[in-house]
Amino acid sequence: MEEDKPYESQGSRLLHYLLNQGKRIFNMADIKEAAQALDIPSKQLGKIFSNLAKRRKLLRLRRGLYVSIGLISEEAAAHPFVISTYLMQPSAISHWSALQHHGLTEQVPQIVTASTTKKVLTPSMRRKQKDQSSIKHNLEVDGIFYEYINVQQKHFFGIEKIWLDEHSAVSITDKERTLLDVFIYPKMFGGIGEALGILENSLRTIDLQKLIDYTLRYDKKSISKRMGWALEYFGVPVKQLEPLLKVPINYFCRLDPSAPAKGPCDKRWMIQNNLIKAADE
């Protein structure tokens, strides 16, 4: 143990130096720069890192990327949103995590969710599984799970920056884009019934025109019709919904895309309200 002490001291100096530079998450270039500033020989970094990991002062996020933990206090620990956006770049906090952050749900997500334009490859994807469709491919860091939803570059919009503390800012989908995602992926949020409830409870706190603009920009006819129908159902004047109403479509969209095509059809919106039929049964 005696020979570990010099490395323990050097490791603490390194982490404190990085923290003072505002770097709770850092890569090898950051580490080498800190070691040079502190006159720590680069050949000792391997031993120093091993000691830090053994003492649970350092976590490897992915190859060449690390986070310091438990250095000074709980406040010094990196926020899971920060870790999420470093793990996959580019990315933005979204879906359940964004919904909870914006106060649009009272449910507390068990995982951190984010959107990324990058192809996601997790350790579970590399392993051969009998039924890949039933498996959630998440990354895990120190007991917290991170889920990434792949989006096309043209759909990577509606993102803002928020500050979590004096050192850390992250990208996150804004309220309106987060609500749009609820309608794009209703199954993720418990079905279209839950999506409608979230929309109804959010109408007083959002920029309605921005939500309509985002829906048109997403450019998927079925989403435009579901969103327009839902907004009118909750009392939004049809004049404001004209752009959604005019989206051309030649088939009836099911209000609930995961339920059978049964129920009354609204010819104005080209929506089949299969929630009514499901409730009757």
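For the structure, see preceding data.
In this report, we go over the structure that sits alongside the text.

Analysis parameters
- Residues numbered from 1 in each chain as written.
- Predicted model: local features only at pLDDT ≥ 70, side-chain atom pairs only at ≥ 80, totals over all residues.
- Heavy atoms only, no water.
- 1 Å grid on protein atoms, 1.4 Å probe; cavity = no way out; pocket = protein on both sides within 12 Å on 5 of 7 lines; lining within 4 Å.
- Points joined across faces, edges and corners; volume = space filled by probe spheres on them.
- Nonpolar A, V, L, I, M, F, W, Y, C, P; charged D, E, K, R; others polar.
- Helix = DSSP H or I, 4+ residues; strand = E, 2+ residues; numbered from the N terminus.
- Phe/Tyr/Trp six-rings, centres within 6.5 Å; stacked < 30°, edge-to-face > 60°.
- Buried < 20%, exposed > 50% of the residue type's maximum accessible area, 1.4 Å probe, protein only.
- Lys NZ or Arg CZ within 6 Å of the ring centre and 35° of its normal.
- Contact = heavy atoms within 4.5 Å.
- Pairing = 2+ DSSP bridges.
- Salt bridge = Lys/Arg side-chain N within 4 Å of Asp/Glu carboxyl O.

1. So, empty space enclosed by the protein
On inspection of all chains with the given rule, the structure shows one cavity of 30 Å³ or more. In this structure, the largest cavity encloses a volume near 50 Å³. Every residue along the wall of the largest cavity is listed here: Ala92, His95, Ser115, Val151, His155, Phe156, Phe157, Ile159, Thr173, Arg177 and Asp181. When grouped by side-chain class, the residues that make up the lining of the largest cavity number five nonpolar, four polar and two charged.

2. Digging into the layout of surface pockets
In this structure, the second largest pocket occupies an estimated 250 Å³ of space. Together, 15 residues line the second largest pocket, and Val82, Thr85, Tyr86, Ala169 and Val170 are the ones closest to its centre. Broken down by secondary-structure element, the contributors of at least two residues to the lining of the second largest pocket are helix 4 (80-87) and strand 9 (169-173). Residues belonging to the lining of the second largest pocket are distributed by class as follows: five nonpolar, seven polar and three charged.

3. Digging into the packing of aromatic side chains
What the rule picks out here adds up to five aromatic pairs. When the ring of Phe49 is compared with that of Tyr66, the centres are 5.0 Å apart and the planes differ by 90 degrees; the resulting orientation is edge-to-face. Of this pair, Phe49 sits in helix 3 (residues 45-54) while Tyr66 sits in strand 3 (residues 65-68), placing them 17 residues apart in sequence. For the residue pair Phe49 and Tyr66, the accessibility class agrees, reading buried in each case. Note on Trp229 and Tyr233: the rings are 5.2 Å apart at their centroids and 10 degrees apart in plane angle, and the pair reads as stacked. Taken together, the positions of Trp229 and Tyr233, both in helix 10 (residues 221-233) and four residues apart, correspond to about one turn of that helix. When the ring centre of Phe157 is taken as origin, the NZ or CZ atom of Arg177, which lies over that ring, is 4.8 Å away.

4. Looking at the environment of Leu58
Take Leu58: it is sitting in strand 2 (residues 58-62). Not counting residues up to four positions away in its chain, the partners in contact with Leu58 are Leu15, Phe26, Phe49, Leu52, Ala53, Tyr66, Val67 and Ile69.

5. Focus on the sheet that holds strand 11 (residues 265-266)
In a beta sheet, neighbouring strands pair by backbone hydrogen bonds and run either parallel or antiparallel. In spatial order, the strands read 10-12-11; together these three strands make up an open sheet with mixed pairing. Both outer strands of the open sheet, strand 10 (253-254) and strand 11, are each paired with one neighbouring strand and no more. Sheet analysis places strand 10 next to strand 12 (residues 271-272), joined by two bridges and oriented parallel. Across the sheet, residue Arg254 finds its bridge partner in strand 12, namely Gln272.

6. Considerations on the pattern of salt bridges
One pass over the full model with this rule turns up seven salt bridges. Lys23 is paired through a salt bridge with Asp30; the nearest N and O atoms lie 3.1 Å apart. By relative accessible area, Asp30 is classed as buried at 15%. One salt bridge in this structure joins Lys210 and Glu176, with 3.9 Å as the shortest N-O distance. You can see Lys210 sitting in helix 9 (residues 208-218) and its partner Glu176 sitting in helix 7 (residues 175-184), a full 34 residues away along the chain.

7. Thoughts on unusual backbone geometry
The residue after Gln89, namely Pro90, is reached through a cis peptide bond having omega 0 degrees. The topology assignment puts Pro90 in the loop between helix 4 and strand 4 (91-93). Although it is not a glycine, Asp39 adopts a positive phi angle of roughly 60 degrees. Structurally, the position occupied by Asp39 is in the loop between helix 2 (28-37) and helix 3. The phi dihedral of Asp142 falls on the positive side, at around 50 degrees, and the residue is not glycine.

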